Amino acid sequence: MTAGDGTSPYMLYSGWDGRGEFFFLMEICYCGIPGRPIGDGIDGHSWWPLFQSIPTEYLEAYYPVRIDGYTSLRDSGGAGRHRGGNGIEKRYVYLEPGEISLHDYRWLTYPWGAVGGRPAMRSAKLLVRADGTSERLPAKCDEIAIEPGDMLVYRTAAAGETRWSAPGGLVEAEVRDGLISAEKAEREYGVLIGDAAGTERLRDRMRADRGEPADFDFGLPIDEILARAKEETGLDPPVRPEPLRWAAVDGRRHGGPAG
């Protein structure tokens, strides 16, 4: 099994509007579903089969918010025979003062690939203030103050992929659909758009170079991910937990801290 976003991410926005009425918006922001042995993962899905996106017209009619964009994140899904589903980018422009809270996963580690499939893109949250300044927000945060004109760029994680090489015709179709770029098609799938002979030569070289595929591809070792976290994500890496100096249960029936 490859990895996806981890859970259904969501965004909360609340406050008092200009008429003195309280508003509270909660929206689940969908993500990439992992590639499966029988086919590609699903782009921008909720994990829950009966959930549906809230129509933009509804959000803008009933809440002080404007949706600046809602798109599939091209190239975000892991490459492989069965591509991982792309994550999404949704841009909220807030029209009234208030607060937002976020809950998401996969901002640090990559959604892994399996059996030769590649890992996918991590999640990211960018708050662009009305004055043009911006800041990266943690995947989980509460009560972030919002002013009119501030915009949240909410990018959910994509999903990892299974096995290595998708059929060239399928890759070209997904390039035409805007799900994969021509650059990624060449770099990770070995597909040269419109050049079948060149594709076969490139894929032969890639097969010879790659060797035996690993069972899982986590992107980078965890120590390297932690070392590069600040540079790549704009956020401080988590601190490793320190082991306790005593055990909660130390062999005595009602024992406290040992030693």
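What comes next is a walk through the structure. (Residues numbered from 1 in each chain as written. Predicted model: local features only at pLDDT ≥ 70, side-chain atom pairs only at ≥ 80, totals over all residues. Heavy atoms only, no water.)

1. Comments concerning the packing of aromatic side chains
The full count for this structure, using the stated rule, is seven aromatic pairs. Centroid distance Tyr-13 to Tyr-94: 4.5 Å. Interplanar angle 55°. Geometry classified as tilted. Residue Tyr-13 is located in strand E1 (residues 10–16), and its partner Tyr-94 is located in strand E4 (residues 88–94); the two are separated by 81 residues in the primary sequence. Like Tyr-94, Tyr-13 is buried. Seen from their ring centres, Tyr-92 and Tyr-94 are 6.3 Å apart, and the 5° between their planes marks the pair as stacked. Among the aromatic residues, those joined into a cluster by ring pairs are Tyr-13, Phe-23, Tyr-92 and Tyr-94. (Phe/Tyr/Trp six-rings, centres within 6.5 Å; stacked < 30°, edge-to-face > 60°. Helix = DSSP H or I, 4+ residues; strand = E, 2+ residues; numbered from the N terminus. Buried < 20%, exposed > 50% of the residue type's maximum accessible area, 1.4 Å probe, protein only.)

2. Remarks on the sheet that holds strand E5 (residues 98–103)
Taken in spatial order, the four strands of this open sheet run E2-E1-E5-E9, and their pairing is antiparallel. This sheet does not close on itself; its edge strands, each paired only once, are strand E2 (22–28) and strand E9 (140–146). Ignoring which end each strand starts from, the neighbouring axes of this sheet average 15° apart. Sheet topology places E1 next to E5; five bridges connect them, and they run antiparallel. By the bridge assignment, Tyr-13 is partnered in E5 with Ile-100. (Pairing = 2+ DSSP bridges. Axes fitted to C-alpha atoms, helices over the stretch in contact; angles between N-to-C directions.)

Without other data, these values stay purely geometric and don't point to any function.
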